[in-house]
Amino acid sequence: MVRGHGRFLADLRATGVLYAALVRSPLAHARVVGFDATAARSDPRCALVLGPDDLAKRTAPIPTVWRLPGQPEDRVPIAAHTARYAGQPLGIVVADTPTAAEDLADAVRLDLDPLPPVPTVADALAEHAPPIVPGAAGNEAGSIRFGAPQEEIAAALSRAELVVEREFTLPRVNHSPLESRGVLAEYDPGTGLLTVHASSQSPHSMRQDLCAVLGLRADRVRVIAPDVGGSFGSKVLLYPDEAMVCAAAVDLGAAVRWVESRTENFICAYQGRGQRTTARLAIGPEGRFLVFDAHILADLGAYATQAGSGPHQVTALTLQGPYHVDAAAATVTGVYTTRVPTGAYRGYGMQEAAFIRERLIDEAARELGVSPLDLRLDNLIRPEELPHTTHTGLTYDSGDYGAALRRAAALAERPPPPDPPWVRRAGAVVAAVEISAFAPSALLEAFGIAWSGWEGVRLRINHDGTVTAYSGVIAVGQGIETSLAQIAAEGLGVPLDWVRVELGDTDTAPHSDLSAQASRALTLAGGALLIAARRLADRMRTLAAGFLGTDPDRVTQRIASHADPSSPDAAFHGADGARITWREVAHRGYRGWGRRKSTDRIVLEEAVDFDPPQLTFAHGAHAAEVTVDLGTGRVTVTGYWAVHDSGVLVNPLIAHGQIAGGIAQGLGQALTEEARADAEGVPVTRSFREYAIPAAQDIPEDLVIEHTCTPSTAIPGGFKGLGEGGTILPPAAVTCAVAAAVPEIAHALTSLPLTPSRVRAALRAAGIT
Ligand code: SMO
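Since the model is a prediction, treat every value here as computed from it, not as a measurement. (Residues numbered from 1 in each chain as written. Predicted model: local features only at pLDDT ≥ 70, side-chain atom pairs only at ≥ 80, totals over all residues. Heavy atoms only, no water.)

**Some points on the overall build of the protein**
When helices and strands are counted, the protein shows 20 helices and 29 strands. Expected size for 769 residues packed as a compact globule is a radius of gyration near 27 Å; at 28 Å, the protein falls within 12% of this value. Projected onto the principal axes, the alpha-carbon positions of the protein cover approximately 85 × 75 × 50 Å. Per-residue burial for the protein yields a buried fraction of 60% across its 769 residues. Look at the contacts in the protein between residues 6 or more apart in sequence, and 80% of them connect residues 24 or more apart. With the model as given, the accessible surface of the protein reaches about 28,500 Å², and the carbon-plus-sulfur share is 51%. The protein carries 67 positive and 86 negative side-chain charges, and their two centres are separated by 4 Å. (Helix = DSSP H or I, 4+ residues; strand = E, 2+ residues; numbered from the N terminus. Rg over C-alpha atoms; globule rule 2.2 N^0.38 Å. Buried < 20%, exposed > 50% of the residue type's maximum accessible area, 1.4 Å probe, protein only. Contact = heavy atoms within 4.5 Å. Areas by Shrake-Rupley, 256 points an atom, 1.4 Å probe, with all protein chains shown as cover. Lys, Arg positive; Asp, Glu negative; His and termini not counted. Charge placed at Lys NZ, Arg CZ, Asp CG, Glu CD.)

So this is what it looks like as structure tokens:
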């Protein structure tokens with residue numbers, strides 16, 4: 001990748017390829033009265049135009065995988081006769097060059113009959129709000145409640161000495177992957193095969209959805225993810241524009257490529273977060289946590305996509321975090337608005353939960369006049385109390401929450417430098433538990449999620465002794481190829497460079513629904529791979545013993561780290577000095593020599609499906625130090641210390657990169673990122689000019705990352721997930737630090753991002769500026 005050898009969607013070579021551009025609604029809410037493509041169709045550069053009527057004949061809506069109770073039957077259409085968000089694709093144009101496709105898409109004359117926009121949750125829930133879903137009673141998509149029964153909450157509240165209640169607003173954010181979305185679809189009318197290269201997080205689920213949308217058989221659709229330049233949750237689902245490109249390829253019997261522009265990525269890639277939550281913490285005698293409860297209003301956008309309410313459900317499930325509390329509960333209400341749908345975003349509801357919880361704890365400490373750190377430490381679940389089942393039914397397997405919190409606090413301790421009088425400086429330390437290894441399948445079944453949680457791998461020793469591993473998880477820039485190769489190499493006892501990891505192709509990879517999501521790829525594919533490697537290692541030893549004429553337990557495998565498979569330094573040794581090289585064992589194995597009659601396995605390959613017994617929970621504590629400029633309201637993060645526990649680390653360098661990247665992303669959400677729309681619901685953040693993500697200069701030079709290790713009890717190898725962990729805590733840590741620096745505005749710090757204008761408004765209201 002660093003040398004420029006990565007192959008992303010736009011790099012793929014294809015001959016005779018045509019290019020697509022989408023016709024999108026400029027309005028947030030409108031009936032499509034006319035779609036006039038006469039001019040485009042008569043242009044010699046034009047290969048195909050499909051409007052809503054054409055698409056209606058060729059496509060079905062995208063299946064819904066995860067629904068809220070009571071959610072109306074309302075799926076994302078490919079053929080839209082009503083636009084429900086600005087940027088919604090209404091048609092597709094295919095031409096011989098990308099520029100021609102864009103010109104011709106501009107030449108399509110849309111006749112739109114405007115409907116009233118409903119840009120915010122407040123607008124959607126207002127009396128007489130215009131309905132977004134035809135035939136539905138209102139704009140609520142349904143509700144679900146998790147946790148302790150109402151009576152238990154009431155009983156605990158009656159013992160309260162202090163109740164802190166706040167309303168929190170967490171804005172929509174863009175994922176901002178380095179590589180935008182894109183599809184290269186090729187249909188061969190001779191074989192009836194549709195081959196789709198896609199910048200996707202989940203090729204297998206994309207294939208299932210494409211089959212449903214296009215009415216194709218699974219054996220005729222192949223989806224391949226090439227190198228993917230970041231996703232962060234935005235490439236989990238099949239999008240209508242991607243489906244249109246595939247429909248056009250089938251129609252034309254040709255190859256069609258579409259690469260999303262950066263503007264399109266801002267406007268029509270599904271967004272993350274978008275939550276308005278009322279929550280409270282009740283405190284009893286001696287600072288004991290009595291109640292966490294919350295009502296979460298989730299801005300689902302124009303459609304409840306497969307995972308639309310999922311993140312908010314996870315907020316409800318994880319509100320309790322690493323603390324003891326007498327009763328905890330939360331209700332999630334999904335709300336339709338006329339904005340682009342929301343869905344998965346790295347941290348998946350846990351960042352929201354951590355922000356709400358840690359802000360409430362800080363506010364309680366302030367009102368009680370006690371140290372926020374002590375209040376947290378006093379209420380943490382202790383390691384000897386694990387496994388512990390929370391009020392929402394999550395069973396924490398292992399961890400030492402106090403060790404991480406104390407370590408982060410100790411790291412952050414330093415004498416403050418002299419600051420000018422208009423600058424305030426302070427720090428805060430916060431904690432979270434991270435759901436990882438999202439599985440088992442039974443859990444998804446319990447939630448009514450039509451996906452599986454298991455992961456399969458195939459691990460093969462080739463005839464020359466080299467090793468190939470196949471998995472359905474995807475490389476999205478997180479280095480998973482390297483980590484999986486390490487696990488296979490270590491399980492087999494062979495050098496790392498003998499192993500090649502092959503990912504992302506539905507024709508060769510074992511089935512995988514969730515793939516590279518939910519901090520699960522390494523734990524589940526890695527767990528499966530470790531089992532497969534141990535089995536294959538045993539088979540190799542048994543074969544070697546046969547060739548050496550001895551018992552397997554009298555054979556030692558000795559492989560030097562720089563040996564190749566045919567080297568005498570890569571051999572099995574018998575008791576009497578006899579030896580046989582690794583390559584020779586593989587070579588004879590493939591010829592069926594020395595095969596015992598009791599087995600029908602010849603090829604040196606093991607397929608393992610791994611469905612763990614339960615979730616495994618990583619955890620972490622973050623400390624932030626900030627300065628607040630009382631004149632400008634500018635918040636600067638001057639130091640950041642993170643202590644994570646992801647069990648056994650496979651590759652510490654990758655782990656460091658994952659956590660550091662997550663922190664950078666979380667800092668953006670703390671300080672600058674907000675996907676905004678105007679009063680008509682039309683996006684106004686359409687480029688990196690209006691939407692600021694952190695640059696290198698925004699990341700503190702003092703960024704310290706450490707790891708503790710409590711091995712997972714559910715995953716072979718003791719691995720836990722870490723893909724999302726870094727992102728979860730920065731908004732909480734930074735906001736609590738700002739509250740500590742300027743306690744006069746602490747009560748008002750309930751909304752993100754902490755832009756200078758928002759902080760300055762709070763300073764003004766408090767009479768400071
Ligand atoms: S937010 Mo993720 O792709 O589990």
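Moving on, there is more to tell.
**Focus on the nonpolar core**
In this structure, Val196, Leu210, Phe289, Val734 and Val738 are the most contacted members of the largest nonpolar core, which totals 162 residues. The residues that make up this core include at least three from each of domain 1 (381-437 + 615-765) and domain 2 (441-610). Listed in part, the 52 residues of the second largest apolar core include Ala439, Leu459, Met540 and Ile715. (Core = buried A, V, L, I, M, F, W, Y, C linked by side-chain atoms within 4.5 Å. Domains from an automatic or database assignment.)

**Looking at the pairing of strand E12 (residues 255-259)**
Across the five residues of E12, four count as buried, placing the element largely inside the fold. Of the pairings in the sheet, the one linking strand E1 (residues 18-24) to E12 comprises two bridges and is parallel in character. What sits directly across from Tyr19, in E12, is Arg257. Relative to E12, strand E9 (residues 182-188) is paired through five bridges, and the arrangement is antiparallel. Bridge pairing links Ala185 to Val256 in E12. (Pairing = 2+ DSSP bridges.)

**A closer look at the side chain of Asp241**
You can see Asp241 is positioned in helix H7 (residues 240-252). Residue classification places Asp241 among the buried positions, given a relative accessible area of 1%. Here the side chain of Asp241 touches Arg181 through a polar contact of 2.9 Å, side chain to side chain. Not counting residues up to four positions away in its chain, the partners in contact with Asp241 are Leu22, Arg24, Pro89, Arg181 and Trp258. (Polar contact = N/O pair within 3.5 Å; in protein donor to acceptor, adjacent residues only side chain to side chain.)

**Looking at the environment of Arg359**
Relative to the assigned elements, Arg359 resides in helix H10 (residues 350-368). In this view, Arg359 contacts Phe168, Ala354, Thr735, Cys736, Ala739, Ala746 and Leu749; residues no more than four positions away in its chain are not counted. Among the polar contacts listed, one links the side chain of Arg359 to the backbone oxygen of Ala746, at a separation of 2.8 Å.

**Observations regarding the sheet that holds strand E25 (residues 579-581)**
In space, the three strands of this open sheet follow the order E23-E24-E25, with antiparallel pairing throughout. On the outer flanks of this sheet lie strand E23 (556-559) and E25, each paired with one strand and no other. This sheet shows a mean twist of 25 degrees between the axes of neighbouring strands, independent of strand direction. The strands that helix H15 (residues 521-548) touches are E23, strand E24 (570-573) and E25; relative to E24, the one it contacts most, it runs at about 65 degrees. Docked against the sheet, helix H16 (residues 582-590) engages E23, E24 and E25, running at close to 75 degrees with respect to E25. (Axes fitted to C-alpha atoms, helices over the stretch in contact; angles between N-to-C directions.)

**Considerations on the pattern of salt bridges**
Using the criterion set out here, one finds 47 salt bridges in the structure. Taking the shortest distance from any N to any O, the salt bridge between Arg359 and Asp362 comes out at 4.0 Å. With Arg359 and Asp362 both in helix H10 and three residues apart, this pair spans about one turn of that helix. Exposure remark for Asp362: the relative accessible area of 9% places this residue in the buried category. The residue Arg359 makes a salt bridge to Glu363 at a minimum N-O spacing of 3.4 Å. (Salt bridge = Lys/Arg side-chain N within 4 Å of Asp/Glu carboxyl O.)

**Section: the packing of aromatic side chains**
Tallying each qualifying case throughout the model produces 12 aromatic pairs. The interplanar angle of 65 degrees and the centroid separation of 4.9 Å between the aromatic rings of Tyr396 and Phe617 together place this pair among those described as edge-to-face. Residue Tyr396 is located in strand E18 (residues 395-396), and its partner Phe617 is located in strand E27 (residues 616-629); the two are separated by 221 residues in the primary sequence. The same class applies to Tyr396 as to Phe617, namely buried. The rings of Trp66, Phe146 and Phe447 are connected pair by pair, giving a single aromatic cluster. (Phe/Tyr/Trp six-rings, centres within 6.5 Å; stacked < 30°, edge-to-face > 60°.)

**Structural notes on helix H14 (residues 480-492)**
Taking 1.5 Å of rise per residue, the 13 residues of H14 would be expected to cover 18 Å, and the 18 Å separating its terminal C-alpha atoms lies within 8% of that figure. Of the residues making up H14, those classed as buried are Ile480, Ser483, Leu484, Ala485, Ile487, Ala488, Ala489, Gly491 and Leu492. (Expected span 1.5 Å × (residues − 1).)

**Some words on the side chain of Ser25**
Along the chain, the position of Ser25 falls in the loop between E1 and strand E2 (30-36). Among all residues touching Ser25, those that are not within four sequence positions of it are Ala83, Tyr85, Ala86, Gly87, Gln88, Leu90 and Leu112.

**Focus: the packing of H15 against H16**
Their axes nearest at 10 Å, the elements H15 and H16 cross at an angle of 90 degrees. Between H15 and H16, the angle falls in the class roughly perpendicular. Residues Met540, Leu543, Ala544 and Phe547 of H15 form the contact with H16, whose participating residues are Trp582, Val585, Ala586, Arg588 and Gly589. Of the residues in the contact of H15 with H16, the class split is seven nonpolar, one polar and one charged. (Parallel < 35°, antiparallel > 145°, perpendicular 65-115°, else oblique. Nonpolar A, V, L, I, M, F, W, Y, C, P; charged D, E, K, R; others polar.)

**Focus on the domain arrangement of the protein**
Annotation of the protein at the domain level lists domain 1 (381-437 + 615-765) and domain 2 (441-610). The gap between the C-alpha centroids of domain 1 and domain 2 is 38 Å. Between domain 1 and domain 2, the contact holds 19 residues from the first and 18 residues from the second. On the surface where domain 1 and domain 2 come into contact, there are five residue pairs in polar contact (both at pLDDT 80 or more). Of all the elements in the fold, those that place two or more residues in the side of domain 1 that touches domain 2 are strand E19 (423-436) and helix H17 (652-671). At three residues, E19 tops the list of elements feeding residues into the side of domain 1 that touches domain 2. Here the residues of the side of domain 1 that touches domain 2 are counted per class, giving 10 nonpolar, six polar and three charged.

**A closer look at the sheet that holds strand E10 (residues 193-198)**
Read across the sheet, seven strands follow the order E3-E5-E1-E12-E9-E10-E11 without closing on themselves; strand pairing throughout is mixed. This sheet does not close on itself; its edge strands, each paired only once, are strand E3 (46-50) and strand E11 (221-224). Across the sheet, the axes of successive neighbouring strands diverge by a mean angle of 20 degrees, strand direction being ignored. Taken together, the six bridges between E9 and E10 define a ladder with antiparallel strand orientation. Bridged to Ala185 within E10 is Val196. Seen against the sheet, helix H3 (residues 98-107) touches E1, E3 and strand E5 (89-95) and runs at an angle of roughly 25 degrees to E1. Against the sheet, helix H6 (residues 203-214) engages E9, E10 and E11, with an angle of about 145 degrees to E11.

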